[in-house]
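# Observations on chain architecture
What follows is each chain in one-letter form.
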Number of protein chains: 2
Amino acid sequence: MKNISTENYLSEIYKLEQSKIKVKTNIIAKKLDISNAAVTDMLKKLSSNGLILYERYKNIQLTKKGKDYAAVIVRRHRIWEIFLNQIVGLPWDKVHDEAHRLEHSSSDELIDRIEEMLNYPEFDPHGDPIPAKDGSIPKLKESTNLSKVKIGEWGKVIRVNDYDNEFLNYLSRIGLKLGKKITVKDKLNFDNSLLIKIGDKQINISGKLASNIFIDLN
Amino acid sequence: MKNISTENYLSEIYKLEQSKIKVKTNIIAKKLDISNAAVTDMLKKLSSNGLILYERYKNIQLTKKGKDYAAVIVRRHRIWEIFLNQIVGLPWDKVHDEAHRLEHSSSDELIDRIEEMLNYPEFDPHGDPIPAKDGSIPKLKESTNLSKVKIGEWGKVIRVNDYDNEFLNYLSRIGLKLGKKITVKDKLNFDNSLLIKIGDKQINISGKLASNIFIDLN
DNA sequence: ATTAAAATTTAAGTATCCTTAAATTTATAT
DNA sequence: ATATAAATTTAAGGATACTTAAATTTTAAT
Ligand SMILES: [Mn+2]
Ligand SMILES: [Mn+2]
Ligand SMILES: [Mn+2]
Ligand SMILES: [Mn+2]
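Now for a quick tour of the structure. Computed from a predicted structure; not experimentally measured. (Residues numbered from 1 in each chain as written. Chains lettered and ligands numbered in written order. Predicted model: local features only at pLDDT ≥ 70, side-chain atom pairs only at ≥ 80, totals over all residues. Heavy atoms only, no water.)

Let us now look at the overall build of chain A. Scanning chain A from terminus to terminus reveals eight helices and eight strands. Against the globule reference of 17 Å for 218 residues, chain A gives a C-alpha radius of gyration of 19 Å, in line with a compact fold. Along the first, second and third principal axes, the C-alpha set of chain A runs to 55 × 45 × 25 Å. A total of 218 residues make up chain A; the buried ones form 44% of that total. (Helix = DSSP H or I, 4+ residues; strand = E, 2+ residues; numbered from the N terminus. Rg over C-alpha atoms; globule rule 2.2 N^0.38 Å. Buried < 20%, exposed > 50% of the residue type's maximum accessible area, 1.4 Å probe, protein only.)

By nearness alone, 21 residues border DNA strand C, and Asn26(A), Lys44(A), Tyr54(A), Asn3(B) and Ser35(B) come closest of all. Here the atoms of DNA strand C within 4 Å of the protein split so that 77% fall in sugar or phosphate, with bases taking the remainder. Within the side chain of Thr40(A), an N or O atom sits 2.8 Å from a phosphate oxygen of DNA strand C. At a separation of 2.4 Å, a phosphate oxygen of DNA strand C approaches a polar side-chain atom of Tyr54(A). Elements with a minimum of two residues in the surface near DNA strand C: helix H2 (25-32) and helix H3 (36-48) of chain A together with helix H1 (4-18) and helix H3 (36-48) of chain B. Element by element, the count of residues in the surface near DNA strand C is highest for H3(B), at five residues. Of the residues belonging to the surface near DNA strand C, the class tally is nine nonpolar, seven polar and five charged. (Near = heavy atom within 4 Å. Polar contact = N/O pair within 3.5 Å; in protein donor to acceptor, adjacent residues only side chain to side chain. Nonpolar A, V, L, I, M, F, W, Y, C, P; charged D, E, K, R; others polar.)

So, about the relation of the copies chain A and chain B. Here the second copy of the chain follows from the first by a rotation about an axis and a shift along it. With an RMSD of 0.0 Å, the operation that places chain A on chain B is a rotation of 180° combined with a shift of 0.0 Å along the axis. Given the turn and translation reported, the copies of this chain are related as if by a two-fold rotation axis. Minimal C-alpha distance to the rotation axis in chain A is attained by Leu102(A), lying at 3.3 Å. Of the interface residues in chain A, 94% have counterparts in chain B that sit at the interface too, so the contact is made through matching surfaces. (Least-squares fit on C-alpha atoms with pLDDT ≥ 70 in both. Contact = heavy atoms within 4.5 Å.)

Turning our eyes to something else, we now look at the sheet that holds strand S3 (residues 144-145) of chain A. All names here are of chain A. Overall, antiparallel pairing links the six strands, which are arranged S3-S8-S4-S5-S6-S7 in an open sheet. Strands with a single pairing partner mark the edges of an open sheet, and in this sheet they are S3 and strand S7 (201-205). Judged from the three bridges that link them, strand S4 (residues 154-160) and strand S5 (residues 181-188) form a sheet pairing that is antiparallel. Residue pairing in the sheet places Trp-154 in a bridge with Thr-183 of S5. The sheet strands contacting helix H7 (residues 165-173) are S4, S7 and strand S8 (213-217), and the helix crosses S4 at an angle near 145°. (Pairing = 2+ DSSP bridges. Axes fitted to C-alpha atoms, helices over the stretch in contact; angles between N-to-C directions.)

This paragraph deals with the interface of chain A and chain B. One frequent convention defines the size of an interface as the accessible area lost when the parts assemble. Between chain A and chain B, the contact holds 18 residues from the first and 17 residues from the second. Across the chain A to chain B interface the summed buried area is about 1400 Å²; carbon plus sulfur atoms make up 68%. The largest share of the area that chain A buries against chain B comes from Val88(A), Ser105(A) and Leu110(A), three residues that together contribute 33% of it. Taken together, the elements giving at least two residues each to the side of chain A that touches chain B come down to helix H4 (64-88), helix H5 (95-102) and helix H6 (108-117) of chain A. Here the side of chain A that touches chain B is built from residues that sort into eleven nonpolar, four polar and three charged. (Buried area = accessible area lost by both parts, 1.4 Å probe.)

A word on the packing of aromatic side chains. Taken as a whole and assessed by the stated rule, the structure comprises four aromatic pairs over all chains. Between Phe83(A) and Phe83(B), the ring centres sit 5.7 Å apart and the planes meet at 75°, which makes this aromatic pair edge-to-face. Taken as a pair, Phe83(A) in helix H4 and Phe83(B) in helix H4 (residues 64-88) lie in two separate chains rather than in one. A single burial state applies to Phe83(A) and to Phe83(B), both of which are buried. Cluster of aromatic residues (ring-pair linked, three or more members): Trp80(A), Phe83(A), Trp80(B) and Phe83(B). Seen from the ring of Trp154(A), Lys181(A) lies directly overhead, with NZ or CZ sitting 4.4 Å from the centre. One residue, Lys31(B), lies across the ring of Tyr163(B), its end atom 4.6 Å from the ring centre. (Phe/Tyr/Trp six-rings, centres within 6.5 Å; stacked < 30°, edge-to-face > 60°. Lys NZ or Arg CZ within 6 Å of the ring centre and 35° of its normal.)

Residue and element names in this part refer to chain B. One can find Arg-159 in strand S4 (residues 154-160). Residue Arg-159 is classed as buried on the basis of its relative accessible area of 17%. A polar contact of 3.4 Å, which involves the side chain of Arg-159, links it to the side chain of Asn-161.

Take the protein's contact with DNA strand D next. Around DNA strand D sit 21 residues in total, of which Ser5(A), Ser35(A), Asn26(B), Lys44(B) and Tyr54(B) are the nearest. Backbone atoms, meaning sugar and phosphate, make up 75% of the atoms of DNA strand D lying within 4 Å of the protein. At a separation of 2.7 Å, a phosphate oxygen of DNA strand D approaches a polar side-chain atom of Asn3(A). The contact in question runs from a phosphate oxygen of DNA strand D to an N or O atom on the side chain of Tyr9(A), over 3.5 Å. When contributions to the surface near DNA strand D are tallied by element, the ones reaching two or more residues are helix H1 (4-18) and H3 of chain A together with helix H2 (25-32) and H3 of chain B. When residues of the surface near DNA strand D are assigned to their parent elements, the largest contribution, five residues, is made by H3(A). Partitioning the surface near DNA strand D into residue classes produces nine nonpolar, seven polar and five charged.

As structure tokens, this is what we get:
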């Protein structure tokens, strides 16, 4: 276990790399809510510790060592999320913040024990994959951003972004959860909103909301 | 939630006060494994934050505010210990270190939820009382240090000190756990060791070992 | 190709929590 | 009562991880 700050940088960079986003000082600063200057400082440290490849003004990349370590942190985070959701009974809009702290305070033994207890889950409560002990990642089903789904098409909710608790809570309130079938009934170019059917309810959601929901089409 | 360091100082001071030990720079330094100088530094900060009463060279005392806060931390620690032991299945020699980290990383909501799940336990896996939300402490049964129990007397194990994992692990291995009946068969003045009966086994334990075990006599 | 905007880094400084070494105060032994 | 030992505090300094402001480099626009 290194320090919390290092762990947070690494898992943020890891998640960016996973989603094919070029890793830059700027994005890290926004994600971690700190100044660009602080990020530059830390990048030098991470680099000199062999955790990232870094050249001034260039993109950032995890080394093998950095990626392995980051996977451990993301693994801890997502296993905690499942545990908090399934065993402790916290709703999906409460698990992220809690897991974000706990991820830095738990031994590998504890995480392994919890994982076993949960029968080796592959995905967290928001549909994100849980890295295995060896760093390998369960293959994600292909998914389509709900905002890109065409009128008349339908599919099942397979993943949602977990950054915003209010968003997640709202999804719960409209009955949207992983596995739910969603049909796009109409789309309004005027405000990019969508009319969708969930269960037997029809509901209008904004384009921004839709863009944080991912669908397994057909 | 304040910072981890503050929380560790407060809970250490709290535990010393609970066991009627005069709180001094020295003891805190030993318990937290840091220099006396660092403790003096921090005592000034705690004092200026209204968490302790402190005058140079004098004994230290928690204020109401400090005691309330400390009780929250000790509560978190012990609820985690029970949870890890009962729900996760960790042995009693593994729960303390884990809980010592988790105690600084969990919201009150999570702790309350876990407490409810455990049906409001009063004592942790080592027999220490769990402070309630209002800071009140379950009354301890009177107990006698095993090293003070006389030949022929018997009673049930009601509490053990939880500082040393090797000690706790050894107790497990000789079948000693909370609630077990122990009879003192013999005492050797030569080395202060005791011959005790646990279940149907007789075993010789050192005085030092005995002095970390507490018995509910009769 | 120039220029303006955006991103990034450097510089200087702060807060926290440690360290060791030296000075001071308190406690203990005779 | 005095000397010695033990405990405590002060002093000076280090590592980490931030901050804002200024300087530099890259990118994007015309
Ligand atoms: Mn999360
Ligand atoms: Mn984190
Ligand atoms: Mn404990
Ligand atoms: Mn602690």
